[in-house]
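# Observations on chain architecture
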Amino acid sequence: MVAVNDRGRGAASTRTALVTPHVTPGAVSNLVAVPGNQEVVLTWEAADGKGMALTGYSITVQAEDAGAESQPVTVTVTETRAALVALTNGTAYSFTVVADNGHAQGPGSSVSATPFTTPGAPALTARGYSTRVSLRWTTEDTGGRPITGYLVTVYLNDEVLRTVETTELTLNVTGLLYSTTYHFTVVARNEAGWGTISERIASTLARSPSVPLNATCDTSSGNVTFAWEPPEFDYGYPVVEYRIATMLRGYYTAWYTTKLRYVLPEIPREGNPMRFSLVAQNAYGFGNSVELYCYFDSLRP
């Protein structure tokens, strides 16, 4: 800089340090978000520096439905690619990228994405009926995408007997054999693919037990003493109780025991012989009864 008066120009000032004019960079282009498991990978094309070198890019991450209590997070990168991690699967996020030259930031470019992965393991239950095993399940962890289907597998020991695809949350498995234990699993699928297989659940066809074997009635002691052997078949559901019943004074009367012998002392004698029924019960219910005729004197057939 030089001062001038009516006598002329003075001496020039000392030269200042080098000064570069400040400019605002342009926006990034072709911003793409690729969601993954708890992450979103962003890529873009470099912004126009308008004659100034860029120092990096700032990325602001905001959950779209987080509400006012959730604050956006900003990270800085120097490349045209960034992996944003520790995100929540199934939550939609917005990502805004701006270029920075160390003096000014350019306009933002935004994109939305929702991270996701394959579904978690369904919670499976199985209940046996007389002609089918009823399966039910729920899937709490969808992986962040809607469930599109399920695959049920039926095993006999380690052999796969059949697989069934369904979009329902229940399945009745038929064509099974009594007294045979089967195992079942289910796995869910979403946009990312098949997820984690459920715990393997065992079940059998449910059926009440067959009749007790070799049942006898003895009145020689003055009491009525019953004895028997377990049923030949419990169909996978062990016997939990036996029931002895008869009609006394016009009323149905029953006694219950878990033993293979039962004594009825001093009951009213209604007829000779008296007719009793004996039946076994398992978790599915009472089976067919066997009839017993008890004599109280020497008049026996």
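Refer to the preceding data block for the structure.
Summary of the structure given here. (Residues numbered from 1 in each chain as written. Predicted model: local features only at pLDDT ≥ 70, side-chain atom pairs only at ≥ 80, totals over all residues. Heavy atoms only, no water.)

For the rest of this paragraph, the subject is the sheet that holds strand E10 (residues 123–128). Pairing in this open sheet of three strands is antiparallel, and the strands run E10-E11-E14 from one edge to the other. Two strands in the sheet have a free side with no partner beyond their single neighbour: E10 and strand E14 (170–173). This sheet shows a mean twist of 20° between the axes of neighbouring strands, independent of strand direction. Sheet analysis places E10 next to strand E11 (residues 133–138), joined by six bridges and oriented antiparallel. Opposite Leu 124, over in E11, you have Trp 137 as the bridge partner. (Pairing = 2+ DSSP bridges. Helix = DSSP H or I, 4+ residues; strand = E, 2+ residues; numbered from the N terminus. Axes fitted to C-alpha atoms, helices over the stretch in contact; angles between N-to-C directions.)

Our next topic: the nonpolar core. If you look at the biggest cluster of nonpolar residues, it comprises 21 residues, and the most contacted ones within it are Leu 42, Trp 44, Tyr 57, Ile 59, Phe 95 and Val 97. Contributions of two or more residues to this core are made by strand E3 (29–36), strand E4 (39–45), strand E5 (56–63), strand E7 (81–84), strand E8 (93–100) and strand E9 (109–113). Filtering out sequence-adjacent residues up to four positions away, Leu 42 remains in contact with Leu 31, Val 32, Ala 33, Ile 59, Thr 80, Arg 81, Ala 82, Leu 84, Phe 95, Val 97 and Val 111. (Core = buried A, V, L, I, M, F, W, Y, C linked by side-chain atoms within 4.5 Å. Buried < 20%, exposed > 50% of the residue type's maximum accessible area, 1.4 Å probe, protein only. Contact = heavy atoms within 4.5 Å.)

Right, let's get into the packing of aromatic side chains. Tallied over the entire structure, the rule returns seven aromatic pairs. Arranged with centres 5.0 Å apart and planes meeting at 70°, the rings of Phe 226 and Phe 276 form a pair that is edge-to-face. Taken as a pair, Phe 226 in strand E19 (residues 224–229) and Phe 276 in strand E23 (residues 274–282) lie far apart in primary sequence, 50 residues in all. The cationic tip of Arg 132 hangs over the ring face of Tyr 129; the distance from NZ or CZ to the ring centre is 4.2 Å. Over the face of the ring belonging to Phe 286 we find Arg 243, whose NZ or CZ atom lies 4.2 Å from the ring centre. (Phe/Tyr/Trp six-rings, centres within 6.5 Å; stacked < 30°, edge-to-face > 60°. Lys NZ or Arg CZ within 6 Å of the ring centre and 35° of its normal.)

For the rest of this paragraph, the subject is the state of the cysteines. Disulfides are covalent bonds that link the sulfur atoms of two cysteine residues. Going through the model one piece at a time under the given rule, you end up with one disulfide. Two residues share a disulfide in this structure: Cys 217 and Cys 294, whose sulfurs sit 1.9 Å from each other. With the S-S dihedral at roughly 130°, the linkage between Cys 217 and Cys 294 falls on the right-handed side. Of this pair, Cys 217 sits in strand E18 (residues 213–218) while Cys 294 sits in strand E25 (residues 290–294); the two residues are 77 residues apart in sequence, bridging distant segments of the chain. A relative accessible area of 0% places Cys 294 in the buried class. (Disulfide = S-S within 2.5 Å.)

Another aspect to go through is the pattern of salt bridges. Opposite charge on two side chains permits pairing when their charged atoms draw close. One pass over the full model with this rule turns up four salt bridges. Note that Asp 158 and Arg 200 form a salt bridge whose closest N and O atoms lie 3.6 Å from each other. One end of the pair, Asp 158, is in the loop between strand E12 (149–156) and strand E13 (159–166); the other, Arg 200, is in the loop between strand E16 (193–194) and strand E17 (201–203), with 42 residues separating them in the sequence. Judged by relative accessible area, which is 36%, Arg 200 ranks as partly exposed. Among the salt bridges present, the one from Arg 275 reaches Glu 291, with a minimum N-O distance of 3.8 Å. Of this pair, Arg 275 sits in strand E23 while Glu 291 sits in strand E25, and the two are 16 residues apart along the sequence. Note on Arg 275: relative accessible area 48%, which makes it partly exposed. (Salt bridge = Lys/Arg side-chain N within 4 Å of Asp/Glu carboxyl O.)

Where E18 meets E19, four bridges bridge the pair, whose relative direction is antiparallel. Following the sheet pairing, Cys 217 is matched in E19 by Phe 226. Connecting E18 to the next strand, E19, in antiparallel fashion are five residues, including Gly 222 with a positive phi near 95°.

A few words on the environment of Val 154. Topologically, Val 154 is positioned in strand E12. For the pair formed by Val 154 and Val 186, sequence separation is 32 residues and the distance between their alpha carbons is 9.1 Å. Not counting chain neighbours up to four residues away, the residues in contact with Val 154 comprise Glu 159, Val 160, Leu 161, Arg 162, Val 173, Tyr 182, His 183 and Phe 184.

The next point concerns the sheet that holds E3. Spatially, the three strands line up as an open sheet ordered E3-E4-E7, and their pairing is antiparallel. The sheet terminates laterally at E3 and E7, the two strands that pair on one side only. Direction aside, neighbouring strands of the sheet carry axes that sit 15° apart on average. One ladder, built from six bridges, connects E3 with E4; its direction is antiparallel. Of the residues in E4, the one forming a bridge with Val 34 is Val 41.

Attention now moves to the environment of Val 160. If you trace the backbone, Val 160 turns up in strand E13. Placed 23 residues apart in sequence, Val 160 and His 183 show a C-alpha to C-alpha distance of 9.4 Å. Those residues within four positions of Val 160 in sequence are excluded, and the remaining contacts are Thr 153, Val 154 and Tyr 155.

Right, let's talk about the side chain of Thr 219 for a bit. In this fold, Thr 219 is placed in the loop between E18 and E19. Within the local environment of Thr 219, its side chain forms a polar contact with the backbone oxygen of Tyr 295, the two atoms lying 2.5 Å apart. (Polar contact = N/O pair within 3.5 Å; in protein donor to acceptor, adjacent residues only side chain to side chain.)

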